Amino acid sequence: MRPSLLPLRPQLPPRATGDSLLIGFYVNWDDNALVSLQAHASSMDWVVAEWAFIAPGGDSLRFAVDPRALYVVQGLPVAERPRVLLMVSNVREGAGRFDPRDASRLLADSLRRAAAARTVAATVRRFGLAGATIDFESLADADLPNVERFLREVRAALGPGLLLTHAIGSDVAVSWVARFAAVTDREILMLYDEHYGTGEAGPIASRDWYAGQLRRLARVVPPAKLIAAVGAYGYDWSDAPGAAGTALTIEEVWAAARAHGRRPLRDARSGNPYLLWTDPDSTDHVAWFLDAVTAAEQQVRIARAAGVTAHAIWRLGAEDPSLWRVLGRHGHAAPLAALDVIDPGYGVEFAGSGELLSISAEPHAGHRTLRFARDGTLEGDAIDTLPTSWVVARTGAIPASDRPDVR
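The structure displayed is predicted, hence computed values, not measured ones.

Within the largest apolar cluster, 110 residues are counted, with the highest numbers of intra-cluster contacts made by Tyr-26, Leu-37 and Trp-51. Formed by 13 residues, the second largest nonpolar core is a distinct cluster that contains Leu-248, Val-253, Trp-254 and Ile-342.

Structure, rendered in structure tokens:
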């Protein structure tokens, strides 16, 4: 039977003890997010699902709860189920960008804002979710007082026993972070996009930048209330005229490396890996990305040194699957040596064109060599073998010159 037709029987798992959590962000628009959830749901304490959006015009919210994800979670023993939170976002569906105008309109209208808070709480209860996460980005400073009002209204509508968390970017003033944290159970710090697609090429979360942002925010919020988000994606920048950087999953980084016969390198200063290649038309590319080594050795280690032991992965389906070898529920961390294996990704690659399909490669793991200092910290790494996903060859396409003229 299709998961969408199955009855939902909400049953919350026990709360995780202590402050240590591992959280995954889930999205509907990438099928690999579901594949990652199926593989790693029992390794997470929470799943934050992007299932609520501001309707065009900013008059209400629209909900898109994916029953497949709930079916995966409910299929686990109760003690192994992650708690699922509803994320409310101002990302414009289909456009891949945040829309501050619709969010501003919704937040500025007290009646619309209150109605939205009530529908968030009603949806959380309807599906037996653990609470809500509010993620409004690219807003003007003038909108922040209304964000605080909305958080208070959602908190009141949820009532006791349900969680309210809030995602904030690194550009939010610390005074506002403190005010938001006074309302919410947890603040999720999105400590990535130091460089992003529409800006200049560079590291996505360099070591010093990440540590500095974390220290700045941890001064005004108790570390036990903070969740340090871990970036798990990349951007491809090129020197083509007018080209902006495009988002990449780690699997797409590996595919580009294999296609161009290159190996990713790690920048010693930033700690972030990158990949260089040149297309046949002489277009040069640089892809900066964040992998399992960056997540475990840099982001998680730095956060824990600051007393922050909760981490959220943005996002499921885009991540280097190897990070699940060293991260798990309740802050579990295996030795970094486990990262010597580079697990293949979740998707299927297609090569060539045509309607005849054949499997040309099966998944196999890659390998990286890790170098450790005497104190056990990671000094560096080098990729020896790239991982491979399923590769399906397409053949049988008719060349354009051989196609009949049907005019």
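Two descriptors summarise a pair of aromatic rings, namely the distance from one centre to the other and the angle between the planes of the rings. Under the counting rule described, the total for this entry stands at 9 aromatic pairs. Arranged with centres 6.2 Å apart and planes meeting at 80 degrees, the rings of Tyr-26 and Trp-51 form a pair that is edge-to-face. Within this pair, whereas Tyr-26 is found in strand β1 (residues 21-26), its partner Trp-51 is found in strand β2 (residues 46-54), the two being separated by 25 residues in sequence. By relative accessible area, which is 0% here, Tyr-26 ends up buried. Considering the side-chain rings of Trp-254 and Phe-289, the 6.0 Å spacing of their centres and the 80 degrees angle between planes classify their relative orientation as edge-to-face. Note that Trp-254 is positioned in helix α8 (residues 250-260) and Phe-289 in strand β15 (residues 284-289), a separation of 35 residues in sequence. For the pair formed by Trp-254 and Phe-289, the shared burial category is buried. Of the aromatic side chains, those joined through ring pairs into one cluster are Tyr-192, Tyr-233, Tyr-235 and Trp-237.

Before going further, it helps to spend a moment on the sheet that holds β15. Spatially, the 5 strands line up as an open sheet ordered β12-β11-β15-β14-β13, and their pairing is antiparallel. Each end of this open sheet is capped by a strand with a single partner; those strands are β12 (246-248) and β13 (265-266). Sheet topology places strand β11 (residues 234-238) next to β12; 3 bridges connect them, and they run antiparallel. Bridging across to β12, Asp-236 finds its partner in Thr-246.

Attention now moves to the environment of Gly-345. Topologically, Gly-345 is positioned in the loop between β17 (341-342) and β18 (348-352). When the C-alpha atoms of Gly-345 and Leu-37 are compared, they prove to be 13 Å apart, with 308 residues separating the residues in sequence. Contacts of Gly-345, omitting those with residues within four sequence positions, involve Glu-251, Pro-321 and Ser-389.

Adjacent strands of a sheet pair through backbone hydrogen bonds, lying either parallel or antiparallel. Taken in spatial order, the 3 strands line up as β18-β22-β19 in an open sheet, and their pairing is mixed. Looking along the sheet, the strands with just one partner apiece sit at the ends: β18 and β19 (356-361). The mean inter-strand angle of the sheet, taken between neighbouring strand axes irrespective of direction, is 30 degrees. Across 5 bridges, β19 lies against strand β22 (residues 390-395) in antiparallel orientation. Bridged to Ile-359 within β22 is Val-392.

Right, let's get into the pairing of strand β20 (residues 366-372). In the case of a regular strand, side chains alternate between the two sheet surfaces. The pairing of β17 with β20 spans 2 bridges and is antiparallel. Across the sheet, residue Val-341 finds its bridge partner in β20, namely His-367. One ladder, built from 6 bridges, connects β20 with strand β21 (residues 378-385); its direction is antiparallel. Pairing of Phe-372 across the sheet is with Leu-378, part of β21. Here β20 folds back onto β21 in antiparallel fashion, the turn holding 5 residues, of which Gly-376 has a positive phi close to 90 degrees.

Calculation criteria
Residues numbered from 1 in each chain as written. Predicted model: local features only at pLDDT ≥ 70, side-chain atom pairs only at ≥ 80, totals over all residues. Heavy atoms only, no water. Core = buried A, V, L, I, M, F, W, Y, C linked by side-chain atoms within 4.5 Å. Buried < 20%, exposed > 50% of the residue type's maximum accessible area, 1.4 Å probe, protein only. Phe/Tyr/Trp six-rings, centres within 6.5 Å; stacked < 30°, edge-to-face > 60°. Helix = DSSP H or I, 4+ residues; strand = E, 2+ residues; numbered from the N terminus. Pairing = 2+ DSSP bridges. Contact = heavy atoms within 4.5 Å. Axes fitted to C-alpha atoms, helices over the stretch in contact; angles between N-to-C directions.

Taken by themselves, the reported measurements are silent on function.
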